[in-house]
Amino acid sequence: MTKLWSFWSLSLVVFACFGRGCSSHCPVLECWFLQDKKQGGASGSQEKVLLDVGTEGHHLAAGRHRPPDSSIQRIYSVADPAATLCGRSLRPPIGSTNKPMCEISSFLPQPSSVKWAASLTDSALSPIYLQADWFAATLQGVGGELGMSTVLRAATGTSELDVVLSVTTTTVAVKARLGDPVLLNCQFWSDPASPQSGFAVEWRYQFRGSGQMILAYDGKSDRLSDAMENGAVMDIAEVHRKGNASLILQKARVSHSGTYICMVYLPHLLAQVTMELEIIEPPSLSIHPASLPLIVAGQSLTVHCEASGFAPHSLELSWEFKSPDGTTRSLGPGRLTGHRQAWDGTFSQDTRLELDTSTLDLGRGGEVTCVGQHPGGTRRAGVTLRIIGFSTPSIEDSMAMVGVALVLYGLIKFVSWTFTPSGSSEAAEANKKEN
Ligand SMILES: *[C@@H]1O[C@H](CO)[C@@H](O)[C@H](O)[C@H]1NC(C)=O
């Protein structure tokens, strides 16, 4: 009997698949239904439900097939004509443990209190349309590249949901270099069959608890707010043509790091997606002095490394020493200064290293490198250190010293010859012969 039942349910699913065209590849989403206190559920309680998504209406009436697992409380049939819920990252391969994240809850439609969306609700609305069960679902695709928010409507008491508004972003977490243009993706779809008309889009920015509006557009009266952030643009023609409400920041600045919210309003309804932007710029390193003087074993020398123009401020500065035989060892962080912040928000930090040849075993010298490890990449700057040791001079050093001695000798001779008074030219002559 159970075998017969599972065969029957399987064939039903297959049939349903043919019926609505499996080519649409819409998923069956497992979602947490969040109950709030008002609806009688225990506060904060949640239960598992399934959203069976299809693009061509409600082909599987809920209750017709049994939940595959007993933890599932309910199955909703979702009609999504624009296939907004059918993206690849919402339907991972069967058997994959990586599942998209989905939360759904019910809400009561309300007129918007936001100035930019107010015009949407000043006309007479369709109360019959709003008298229904309303749900809001928040989804995150596997891999974290898709963020989505959907408003769904069901005739009161039924499990057949219609997607009314979907807002999607494919740029959930964006990293950008300083000065680059940044695209914050936001795409929306609203049901053209809905009796409500008009939409508004608002972009907000949040950083450390404080928020501000960046840009707002009232699609009904075609009014665009003055951008609060200069260099932030949205292509209004794209908004109308394709529901593409993407925001472009023309030149990334450090102060652009933070959370961005794309909010799309329909009369009495709102869906929003959030994204994080982080401006990451690795440091530029420079070493002073740019070339080190020759030093004698036992002496010490201070090198100085400056890291500048980086963001965020997490940077690890250290020193390395590489001997001519290729072995590398760490010389530690040196004496670090605190971070300083420049007018453009980037940071700088310095470190000084005392190269004491009497305590550090630096041999005959090598390459001294300043290393800056940063989320934006590792940067290096190096100088060559040469140490002359008197105890065991090398052939090169001896030859160099002989060379120096010869040059000095020649110089002294030249000076004494030039400045010898003319009266004693014979003496000079004699002196020359003597040589
Ligand atoms: C959306 O519009 C922006 C311009 O505002 C454009 O750069 C981007 O390519 C568009 N995206 C899509 C998916 O059409």
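Residues numbered from 1 in each chain as written. Predicted model: local features only at pLDDT ≥ 70, side-chain atom pairs only at ≥ 80, totals over all residues. Heavy atoms only, no water.

## Comments concerning the overall build of the chain
Step number 1: If you tally the helices and strands in the chain, you get five helices and 27 strands.
Step number 2: Residue burial in the chain is summarised as follows: out of 435 residues, 41% are buried.
Step number 3: When contacts within the chain are restricted to residue pairs at least 6 apart in sequence, those whose partners lie at least 24 apart make up 61%.
Step number 4: Total accessible area computed for the chain in this model is approximately 23,900 Å², and 57% of it derives from carbon and sulfur atoms. (Helix = DSSP H or I, 4+ residues; strand = E, 2+ residues; numbered from the N terminus. Buried < 20%, exposed > 50% of the residue type's maximum accessible area, 1.4 Å probe, protein only. Contact = heavy atoms within 4.5 Å. Areas by Shrake-Rupley, 256 points an atom, 1.4 Å probe, with all protein chains shown as cover.)

## So, the sheet that holds strand β8 (residues 173-176)
Within a sheet, adjacent strands bond to each other through the backbone by hydrogen bonds, running parallel or antiparallel.
Step number 1: Strands sit in the order β8-β17-β16-β11-β12-β13 across an open sheet of six strands; the sheet is mixed. Here the strands that pair on one side only, and so sit at the sheet edges, are β8 and β13 (223-224).
Step number 2: Pairing between strand β11 (residues 200-207) and strand β16 (residues 258-266): seven bridges, direction antiparallel. Bridged to E202 within β16 is M263. (Pairing = 2+ DSSP bridges.)

## A look at the nonpolar core
Step number 1: The biggest cluster of nonpolar side chains holds 38 residues, and the ones touching the most others in it are V167, L184, F188, V201, W203, L247 and Y260.
Step number 2: No other element matches strand β17 (residues 269-279), which puts six residues into this core. (Core = buried A, V, L, I, M, F, W, Y, C linked by side-chain atoms within 4.5 Å.)

## Some details on the site of the ligand
Step number 1: Lining the immediate environment of the ligand, one finds Q187, D235, E238, K242, N244, S246 and I248.
Step number 2: Separating an oxygen atom of the ligand from a side-chain N or O atom of E238 is a distance of 3.4 Å.
Step number 3: At 3.5 Å, a side-chain N or O of K242 approaches an oxygen atom of the ligand.
Step number 4: When the ligand sits alone it has 370 Å² of accessible area, and the protein chains cover 59% of it.
Step number 5: Split by residue class, the shell around the ligand holds one nonpolar, three polar and three charged. (Near = heavy atom within 4 Å. Polar contact = N/O pair within 3.5 Å; in protein donor to acceptor, adjacent residues only side chain to side chain. Nonpolar A, V, L, I, M, F, W, Y, C, P; charged D, E, K, R; others polar.)

## Some words on the state of the cysteines
Step number 1: The tally for this structure, following the rule as stated, stands at four disulfides.
Step number 2: Here C186 pairs with C262 through a disulfide, and the sulfurs are 1.9 Å apart. Residues C186 and C262 are joined by a disulfide whose S-S torsion is about -70°; by sign, that bridge is left-handed. A residue pair is termed long-range when its members are at least 10 positions apart, and C186 in the loop between β9 (182-184) and β10 (187-190) and C262 in strand β16 qualify at 76 residues.
Step number 3: Judged by relative accessible area, which is 0%, C186 ranks as buried.
Step number 4: The exposure class of C262 is buried, given its relative accessible area of 0%.
Step number 5: With a sulfur-sulfur separation of 2.0 Å, C305 is cross-linked through a disulfide to C370. On the S-S bond that ties C305 to C370, the torsion sits near -75°, and the link is left-handed. (Disulfide = S-S within 2.5 Å.)

## Structural notes on the sheet that holds strand β26 (residues 365-374)
Step number 1: Reading across the sheet, the five strands line up as β19-β27-β26-β21-β22 and stay open at both edges, with mixed pairing between neighbours. Of all strands in the sheet, those bounded by a partner on one side alone are β19 (295-296) and β22 (328-332).

## Thoughts on the pattern of salt bridges
Step number 1: Under the definition given, this model contains 10 salt bridges.
Step number 2: In this structure, E238 and R241 form a salt bridge, with 3.4 Å as the shortest nitrogen-oxygen distance. Here E238 pairs with R241, and both are found in helix α3 (residues 236-242), just three residues apart, close to one helical turn.
Step number 3: Residue classification places E238 among the buried residues on the basis of a relative accessible area of 14%.
Step number 4: Where R380 meets E320, a salt bridge forms, and the shortest distance between an N and an O atom there is 3.0 Å. Of the two residues, R380 is situated in strand β27 (residues 377-388) and E320 in strand β21 (residues 316-322); the sequence distance between them amounts to 60 residues.
Step number 5: The class of E320 is partly exposed, set by a relative accessible area of 22%.
Step number 6: What emerges from the salt-bridge pattern is a single network uniting E30, K48 and K99. (Salt bridge = Lys/Arg side-chain N within 4 Å of Asp/Glu carboxyl O.)

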